[in-house]
Amino acid sequence: APKEYLFRAQDYMSNHFSNVTFIVCSNDIEWTKTVFQNQNDVIIPPSDTPQLDMALLSLMDHTIITVGTYGFWSAWLNQNNGTVIYYKDFFEPNSTYGNQINISDTYYSHWIGL
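Note that the coordinates shown come from a computational prediction; the quantities given were computed from them, not determined experimentally.

A short note on the sheet that holds strand 5 (residues 112–113)
For step 1, the next point in the chain: The three strands lie next to each other as 3-4-5, forming an open sheet whose pairing is parallel. Looking at which strands have only one partner, the edges of the open sheet turn out to be strand 3 (63–64) and strand 5.
For step 2, the next point in the chain: Relative to strand 4 (residues 84–86), strand 3 runs parallel, the two sharing two bridges. Along strand 4, the bridge assignment pairs Thr63 with Val84.

As structure tokens, this is what we get:
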């Protein structure tokens, strides 16, 4: 997902909740540090293992996910039932893949696509 999506999702969360701190886990820490370098409300934990990141993400109050099963499962495993924002435009419209995916079969109806 592009950084613009992440910024829109951050704005959504900041406008709906108070005292927001973002915990960002990624398999590309250098890109993540570059994108969020000037944001005081972002914490990037040292990525020791994907298992620790998943455990951490599953404990959050709310979740912003990008593309892929890792983010999906971190949101799905979260027991807090908070707001989940997903990147809805990750496939090319009218492409073979785009015609095969059904958003309502992939994401819960109460999750928010941006």
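Overview of the packing of helix 3 (residues 50–57) against helix 4 (residues 69–76)
For step 1, the next point in the chain: Two elements in contact, helix 3 and helix 4, have axes whose closest approach is 8 Å; the angle formed by their N-to-C orientations is 40°. In terms of axis orientation, helix 3 runs oblique to helix 4. When you trace helix 3 past helix 4, the crossing you get is right-handed. Within the contact between the two elements, helix 3 uses Pro50, Asp53, Met54 and Leu57 and helix 4 uses Tyr70, Trp73 and Ser74.
For step 2, the next point in the chain: Looking at the contact of helix 3 with helix 4 residue by residue, the class counts come to five nonpolar, one polar and one charged.

A few points about the side chain of Ser74
For step 1, the next point in the chain: Checked against the element boundaries, Ser74 lands in helix 4.
For step 2, the next point in the chain: Polar side-chain contacts of Ser74 include one of 2.7 Å to the backbone oxygen of Gly71.
For step 3, the next point in the chain: Setting aside residues no more than four positions away along its own chain, Ser74 makes contact with Met54, Leu57, Ser58, Thr63 and Ile65.

Topic: the nonpolar core
For step 1, the next point in the chain: Formed by Tyr5, Leu6, Ala9, Met13, Phe22, Val24, Val35, Phe36, Val42, Ile85 and Tyr87, the largest nonpolar core amounts to 11 residues.
For step 2, the next point in the chain: Among the elements that take part in this core, helix 1 (residues 3–16) stands out by supplying four residues, more than any other.
For step 3, the next point in the chain: Among residues more than four places away in sequence, those in contact with Met13 are Val20, Phe22, His62, Thr63, Ile64, Thr83 and Ile85.

What about the packing of aromatic side chains?
For step 1, the next point in the chain: For the coordinates displayed, the defined rule picks out nine aromatic pairs.
For step 2, the next point in the chain: Relative to Tyr107, the ring of Tyr86 has its centre 3.9 Å away and its plane inclined at 10°; by these criteria the two rings are stacked. Placement of Tyr86 in strand 4 and of Tyr107 in the loop between helix 6 (103–106) and strand 5 is noted, with a sequence separation of 21 residues between them. Side by side, Tyr86 and Tyr107 carry an identical accessibility label, which is buried.

With respect to helix 4
For step 1, the next point in the chain: Three or more residues of helix 4 are buried, namely Gly71, Phe72, Ser74 and Ala75. Buried residues of helix 4 fall within an arc of 165° about the axis and therefore sit on the same side.

A closer look at unusual backbone geometry
For step 1, the next point in the chain: The phi dihedral of Asn19 is positive, around 55°, even though this residue is not glycine.
For step 2, the next point in the chain: With respect to the secondary-structure elements, Asn19 resides in the loop between helix 1 and strand 1 (22–23).
For step 3, the next point in the chain: Asn19 gets classed as exposed once you look at its relative accessible area, which sits at 77%.

A word on a nonpolar patch on the surface
For step 1, the next point in the chain: On the surface, Trp73, Trp76, Leu77 and Tyr108 cluster together to form a nonpolar patch covering roughly 400 Å² of accessible area.
For step 2, the next point in the chain: Locating Tyr108 in the fold gives a position in the loop between helix 6 and strand 5.
For step 3, the next point in the chain: Its relative accessible area of 39% is what places Tyr108 among the partly exposed residues.

Criteria and cut-off values
- Residues numbered from 1 in each chain as written.
- Predicted model: local features only at pLDDT ≥ 70, side-chain atom pairs only at ≥ 80, totals over all residues.
- Heavy atoms only, no water.
- Pairing = 2+ DSSP bridges.
- Helix = DSSP H or I, 4+ residues; strand = E, 2+ residues; numbered from the N terminus.
- Axes fitted to C-alpha atoms, helices over the stretch in contact; angles between N-to-C directions.
- Parallel < 35°, antiparallel > 145°, perpendicular 65-115°, else oblique.
- Left-handed = near helix turned anticlockwise from the far one by under 90°.
- Contact = heavy atoms within 4.5 Å.
- Nonpolar A, V, L, I, M, F, W, Y, C, P; charged D, E, K, R; others polar.
- Polar contact = N/O pair within 3.5 Å; in protein donor to acceptor, adjacent residues only side chain to side chain.
- Core = buried A, V, L, I, M, F, W, Y, C linked by side-chain atoms within 4.5 Å.
- Buried < 20%, exposed > 50% of the residue type's maximum accessible area, 1.4 Å probe, protein only.
- Phe/Tyr/Trp six-rings, centres within 6.5 Å; stacked < 30°, edge-to-face > 60°.
- Arc of directions from axis to C-beta.
- Patch = residues over 30% accessible without salt bridge, like charges linked within 9 Å, V, L, I, M, F, W, Y side chains within 5 Å.
- Areas by Shrake-Rupley, 256 points an atom, 1.4 Å probe, with all protein chains shown as cover.
- Salt bridge = Lys/Arg side-chain N within 4 Å of Asp/Glu carboxyl O.

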